[in-house]
Protein chains: 2
Amino acid sequence: MVQYKALANELAQLIEAGELRPGERLPSLRDCSRRRALSVSTVLKAYHLLEARGFVQATQRSGFHVNIRADQYPQLPSSSQPDIDTVQVGKSDLIGQVLHGLKNQNVVPMGSAFPDPALFPLARLSQSLSRSMRKLDPSRTVMDIAPGNPGLLRQIALRYHLQGFELDTDELLVTNGAMEALNLCLQAVTRPGDAVVIESPSFYVCLQALERLGLRAIEVATDPRQGMDLEALEVAITRHRPAAVWLMSNFQNPLGSLMPESCKRSLAELLVRHQLPLIEDDVYGELYFGKRRPPPVKAFDKAGLVLHCGSFSKCLAPGYRIGWAAAGRFSRQVQQLQLGTSLSAALPSQLALADYLETGAFDTHLRGLRAVLQRRRDAMLDCVQRFFPADCRVTQPQGGYFLWLELPAHYDSYQLYKAALKQGVSIAPGNLFAARDDAMPGFRLNYGHPSIEEAERAMQLLATLLPVSKSAAS
Amino acid sequence: MVQYKALANELAQLIEAGELRPGERLPSLRDCSRRRALSVSTVLKAYHLLEARGFVQATQRSGFHVNIRADQYPQLPSSSQPDIDTVQVGKSDLIGQVLHGLKNQNVVPMGSAFPDPALFPLARLSQSLSRSMRKLDPSRTVMDIAPGNPGLLRQIALRYHLQGFELDTDELLVTNGAMEALNLCLQAVTRPGDAVVIESPSFYVCLQALERLGLRAIEVATDPRQGMDLEALEVAITRHRPAAVWLMSNFQNPLGSLMPESCKRSLAELLVRHQLPLIEDDVYGELYFGKRRPPPVKAFDKAGLVLHCGSFSKCLAPGYRIGWAAAGRFSRQVQQLQLGTSLSAALPSQLALADYLETGAFDTHLRGLRAVLQRRRDAMLDCVQRFFPADCRVTQPQGGYFLWLELPAHYDSYQLYKAALKQGVSIAPGNLFAARDDAMPGFRLNYGHPSIEEAERAMQLLATLLPVSKSAAS
C-alpha cells in the first residue's frame, strides 16, 4: 500500500477507536513527517484523504481537527410537532428571570444568548472608536439619525455585495442591535391582534415581541436539519391568515439548525404566492463552519417581502448595540418607526464600526472566531456523548454557538435549569422558546461562551442532576 | 443724588429708549469705571440696582446683560382650548417630512428639535470614551445590559440627590435616549385602545408614540405660564378614564412653558387621587436660566406613580443616545420591556458618560451652555419685536431652547413652513404638535441651534413671507 494511504488508515482506526477524539487536533504536518520519517507532502496527502473520507476537517491556520461523525453521536432530535393554532404569549417573567441569573459572574453561562466576550477584538474596536471620535464633525450628531451613518451603511451593503448578495443601500437602516431591527420590522407589518407564524422552538426575543405588541403566535414545526417545515407553514397560512412570518434561516436560535438553500428558495416563492412579509433574523450567518457564508432568504427575495435583520453583536462588537434592517418594500415605515422610538443608534458605536470595517480586519477576526467556536462545539458534543444517557438527542450545528439537547420525554428541562442554577450552572430551558407553557424535555446550550474546561465540568455536573429533572408526571 | 443711583437711572433710560437692547452686554465694570471716573464698587452698586429693578441680569462669568422686559414684548399666547375628546393620531408622515428637511445643512435649523452641536464638550467626551474603553473589562458587554452600567446609574442618582431630589437607584434604567425611556414607560402603563392625556400643543414624539401603540389622545389645555390646566385635566380624567398622562413639566416642547412648583405639587396629589400614572418628560430641566434647577413632578411623587424620563442628549452629549427612566412602581415592567426591545444602551456611550460625570466637568459646561442659550433667546425675542407684526404673540421661556410664536388666527403656520423651507429656513409648524389636523397659526422656533446672526437673517426673511401664509379661509 502506498505510504500516505497506510498513514490515513492508521489514523482513521485511532479515530474510530476513540483514541483521537472529535475536536482534537492531528499532529502538525512537520511533527508527523519527522516522527514517521515521511515527507511533509506525503503526510499532507494522508490528511487530505482523511478529510475526503469525513474523518477530519482542515481549519484555517490551525491545522486538521477530528470531525464529529454522525454515527458516533446521539441522534438528532426530530422535528417539533406543535398544533397549528394561535396562542397568546406571556413569557416575559420567565425570560427576565433566566437573564437575571446570568448576571452572576460565577455561573457557567451555558444558558446565555451571548458569546464569550473574550473572543472579540475589543482593543482594536476601541482604537477605531478613539480615532473616529477625535475627528468627529459635530454636525454628525444631527445628520446620522435614522437611517444612520452613511459610511457604516456603505460598509454593510459592501459586505453583502462581496458575499454575492445584492442589497439596496436605500433599504438599509442602522439600529440598536438586531433586537431593535426585529422589533421595528415586526411592528411595521402587523397590527395588534394579528397572528404571526414563528418557529417551534423559537428565540424568546420573538415571543417577547409578540407579547408586547399584542400579537398571537402560530408555532410551526421546525426541524434541526431543514428549519421551518414549509408544508406546515402553508397550512398555517391558509388556516389563520397571519400578518407575517418570523424565522432564523441560519444557525437558528435555539436549535442551531441551518435551512438548506433549496428551502430558502422555496420559502421566498411561497412568500410571493401569499404576499406575506418575512422577518428574517440572520445574526449568526457570519459564524459558519463550512466553506461559504450560507445565503439569507433575502438573497432570493425579488419582491421586497423579506425584512432582513443582521447585527455585529454576535460576530464582532458585543455591547456596541449596532445592528441593521434591510426591510425591502417596508423600509420607509421601518425608518419612520425608528425616528419615533430611538431616533438612531449611538453615534460613537456607528463611527467605530465604520472605521473598523474600513481597516479590513473583520475577516481575519472572523476566521479565528469560527475556529474557536467549532472546537468548542466539538468538545461539547463530545461531552454529551460521554456524560449523557444514550437516549438523549442533540443537534449538530454547522455554525453559530447554540446546540439543542433533548432529554427523553419524561424529563422537564425547567426542573434541570433550577437544579443546575443552584450549583452554579446556567442552561436555557425549553419552555423559554415556546409560546405554550407545557413542560419541555429539550434545552439550549451555549457552547460559545464557556471555555472547553468550564463546559466539561458543567456538563458532567448537569448529567448528575438529570434524575431530579424527571417531570412530576413520570 | 448719589453717584450709583444717577448712573443706574441714566442706563435705565438708555434701555427704555432702546439704545441698549435686550441681550446686549453692559460695559464691563472696569471700562465703565474708567470712562465715568467712578470707582468699580460704585459701578457695581449701580448695576446691582438695575438688576433689582429688573432691567439687567447678571450672567455667570460674562457680566451684566439687558433683560427682556414683558412690557416691551408681544403678549404671551393664551392657553390652548382643545375639545376634551379622544382622537386617533396619524402624524408620522408629516413628522418624517419635517425631520428630513433638516438634514440639509444649508437650512437654518429653527425647526430642529436638536440643540447646536457646537455647544457641547465633544472633545472632552471623546477623551472619556477613549479612557473608559481602553480599560474595558470584556464582561461588561454582558453585565451592563438593562438596567445599565452601575457606575452611570450611580452618577445619575447622585446628581438628583445633590439637587435635592431623592431617587431610588433601584428604579433607574439607562435607555437609548429619553425617547426610548418615554416609549417604554408609555407601553408599560397602557394597552392598545387606551386613551392618554397629552398637552395641547404637545411634543410630536408623544404623538408618534400614541400612534404606534394604537392609543387615543386626549389633548388638554396648556398655558404658556402654568403648563397643563389641572382643572381641564380632571374633567378629562372623569370623562374618559385615561390610562396615563404624558407631559413636560420644565421648559415644555414646543411652548417653552415652565409649570410652577405649586402646580407640580397639585398634580402629584391629583395622580394619587385617581391612581393614574404620569409619564414626565424632563429633558430640558438642566437648561434653566433662573437660579435653581426647577424640580420635576417626580420630586413630589410619594406613590411611585411618576415615570420620570431624562436625557443627556440636550444638555451634554447629543448623538451618544443616553437617557434614563425612573419609573417608580412600574420600573420592573419598564426594565423587562427594554430587555426585549433593545437589550440596553450602547456600552461605549454608557461608559464615556460615567467617566465624564466623574470628572466633575458637567456643571461648568452647563453654566456656559445656559448663558449662550439665554443670549440666543433674548436675541430671538428681540427679532420678533423688530420684524413681526404687533399682533403676534410669543412665549418667553425661562429655560430650554424653544419658543412658540403665534400669528393671528387667519395665518396658517404650515404654509409659512413650506414657503420658508424653499428659502432655506426651517420652522416647526404648529400642526406637528397637535393630534388634530386643523390649520394652526402658532409654530415652534429653536433659538438654541442657529447663531444669533443666522437667526436674525432668518427671522427677517420669515417676516417677509407672512403674507403667503394667510390661510385659504381668510
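What you see is a predicted model; the values in this text were computed from it and never measured.

### Focus on the overall build of chain A
- A count of helices and strands for chain A gives 16 helices and 17 strands.
- The C-alpha atoms of chain A give a radius of gyration of 23 Å, which matches the 23 Å a tight globule of 474 residues would have.
- For chain A, the spread of C-alpha atoms along the three principal axes comes to 70 × 60 × 45 Å.
- Counting over 474 residues, chain A shows a buried share of 66%.
- A separation of at least 24 residues holds for 77% of the contacts in chain A among residues at least 6 apart in sequence.
- Accessible area of chain A: about 17,700 Å², with a carbon and sulfur share of 48%.
- In chain A, the 51 positive side-chain charges and the 46 negative ones have mean positions that sit 5 Å from each other.

### Considering the packing of helix H12 (residues 331-341) of chain A against helix H4 (residues 92-101) of chain B
- Close contact between H12 of chain A and H4 of chain B brings their axes to 10 Å; oriented N to C, the two are set at 80 degrees. Considering the angle they form, H12 of chain A stands roughly perpendicular to H4 of chain B. Residue-level inspection shows Arg 332, Gln 336 and Leu 339 of chain A of H12 of chain A in contact with H4 of chain B, the latter providing Ser 92, Asp 93, Gly 96 and Leu 99 of chain B.
- Counted by class, the contact of H12 of chain A with H4 of chain B contains two nonpolar, three polar and two charged residues.

### With respect to helix H16 (residues 452-465) of chain A
All names here are of chain A.
- The first and last C-alpha atoms of H16 sit 20 Å apart over 14 residues, in line with the 20 Å expected at 1.5 Å per residue.
- Ala 455, Ala 458, Met 459, Leu 462, Ala 463 and Leu 465 are the residues of H16 that are buried. What you see down the axis of H16 is that its buried residues fit within an arc of 150 degrees, all on one side. Opposite the buried face of H16, by more than 90 degrees, sit the exposed residues Glu 453, Arg 457 and Thr 464.
- The inward-facing, buried residues of H16 contact strand S4 (108-109), helix H14 (362-387), helix H15 (413-422), strand S15 (425-426) and strand S17 (442-446).

### A word on the side chain of Glu 199 of chain A
Residues and elements named next belong to chain A.
- By secondary structure assignment, the location of Glu 199 is in strand S6 (residues 195-200).
- Buried and unpaired, Glu 199 has Lys 264 as its nearest opposite-charge partner, separated by 11 Å.
- A distance of 3.2 Å separates a polar atom in the side chain of Glu 199 from the backbone nitrogen of Met 248.
- Reaching out from Glu 199, the side chain makes a polar contact with the side chain of Gln 252 at a distance of 3.1 Å.

### Topic: the interface of chain A and chain B
- With 52 residues of chain A in contact, the opposing surface of chain B contributes 51 residues.
- Taken together, the two surfaces of chain A and chain B that pack against each other cover about 4,600 Å², and 64% of this comes from carbon and sulfur.
- The largest contributions to the chain A side of the interface with chain B come from Lys 103, Phe 114 and Arg 212 of chain A, which together make up 13% of the buried area.
- Across the chain A-chain B interface, the total number found is two salt bridges.
- Asp 93 of chain A is the salt-bridge partner of Arg 332 of chain B, the closest N and O atoms lying 3.0 Å from each other.
- In this structure, the connection of chain A to chain B is made through 17 residue pairs in polar contact (both at pLDDT 80 or more).
- Every element with two or more residues in the side of chain A that touches chain B is listed here: helix H4 (92-101), helix H5 (122-134), helix H6 (140-143), helix H8 (177-188), helix H9 (204-212), H12 and helix H13 (347-359) of chain A.
- The residue makeup of the side of chain A that touches chain B, split by class, is 26 nonpolar, 19 polar and seven charged.

### Some points on the environment of Gln 396 of chain A
- Inspection of the secondary structure assignment puts Gln 396 of chain A in the loop between strand S13 (393-394) and strand S14 (402-406).
- Placed 189 residues apart in sequence, Gln 396 of chain A and Leu 207 of chain A show a C-alpha to C-alpha distance of 25 Å.

### Side note on the pattern of salt bridges
- One pass over the structure, following the stated rule, counts 40 salt bridges over all chains.
- The partner of Asp 31 of chain B in a salt bridge is Arg 34 of chain B, and the shortest N-O contact between them spans 3.0 Å. With Asp 31 of chain B and Arg 34 of chain B both in helix H2 (residues 29-36) and three residues apart, the pair spans about one turn of that helix.
- Between Arg 131 of chain B and Asp 355 of chain B there is a salt bridge, with the nearest N and O atoms lying 2.6 Å from each other. Here Arg 131 of chain B is found in helix H5 (residues 122-134), whereas its partner Asp 355 of chain B is found in helix H13 (residues 347-359), with 224 residues between them in sequence.
- Each of Arg 159, Glu 286, Asp 363 and Arg 370 of chain A takes part in one network of salt bridges that share partners.

### Topic: the sheet that holds strand S17 (residues 442-446) of chain B
All names here are of chain B.
- The antiparallel open sheet is built from four strands, whose spatial order is S13-S14-S17-S16. The outermost strands of the open sheet, each flanked by one partner alone, are strand S13 (393-394) and strand S16 (428-429).
- Looking at chain direction, strand S14 (residues 402-406) and S17 are connected through five bridges and run antiparallel. Opposite Glu 406, over in S17, you have Gly 442 as the bridge partner.
- Relative to the sheet, helix H14 (residues 362-387) contacts S13, S14 and S17, its axis offset from that of S14 by approximately 10 degrees.

Conventions and cut-offs
- All residue numbers refer to positions counted from 1 along the written sequence of the respective chain.
- Both sets of labels track the order of writing: A upward for chains, 1 upward for ligands.
- Given that this is a predicted model, residues contribute local features only at a pLDDT of at least 70 and side-chain atom pairs are listed and counted only at 80 or more, while totals for whole chains, interfaces and linings are drawn from all residues.
- Side-chain metrics in this entry use all non-hydrogen atoms of the structure; hydrogen atoms and water are not considered.
- Helix and strand assignments follow DSSP, with helices taken as H or I runs no shorter than four residues and strands as E runs no shorter than two, numbered in order from the N terminus.
- With the radius of gyration taken over C-alpha atoms, the globule rule is written as 2.2 Å times the number of residues to the power 0.38.
- Summary of the burial criterion: residues with accessible area below 20% of their type's maximum are buried, those above 50% are exposed, and those between are partly exposed, where the area comes from a 1.4 Å probe applied to protein chains only.
- Whether two residues are in contact is decided by their heavy atoms, any of which lying within 4.5 Å being enough.
- The accessible surface values rely on the Shrake-Rupley method and a 1.4 Å probe; as for residues, cover is taken only from the protein chains in view.
- By the counting rule applied here, Lys and Arg register as positive and Asp and Glu as negative, while His and the ends of each chain are not counted.
- Charge positions are represented by NZ for Lys, CZ for Arg, CG for Asp and CD for Glu.
- The axes used here are C-alpha line fits, helices contributing only the stretch in contact, and every angle between their N-to-C directions lies in the interval 0 to 180 degrees.
- Each angle is binned into one of four classes, with values under 35 degrees roughly parallel, values over 145 roughly antiparallel, values of 65 to 115 roughly perpendicular, and all other values oblique.
- All residues other than Ala, Val, Leu, Ile, Met, Phe, Trp, Tyr, Cys, Pro, Asp, Glu, Lys and Arg, Gly among them, are scored as polar; the first ten of these are nonpolar and the last four charged.
- In this analysis, the expected span of each helix is defined as 1.5 Å times one less than the number of residues it contains.
- The directions considered for the arc run from the helix axis to the C-beta atoms.
- By convention in these notes, a salt bridge is any Lys or Arg side-chain nitrogen within 4 Å of a carboxyl oxygen on Asp or Glu.
- Between N or O atoms, a polar contact is any pair within 3.5 Å; within protein, one atom must be a potential hydrogen donor and the other a potential acceptor, and residues adjacent in sequence are included only when both atoms are from side chains.
- Once two parts are joined, some of their accessible surface, as seen by a 1.4 Å probe, is lost; buried area is that loss totalled over both.
- For two strands to be treated as a pair, DSSP must find at least two bridges joining them.

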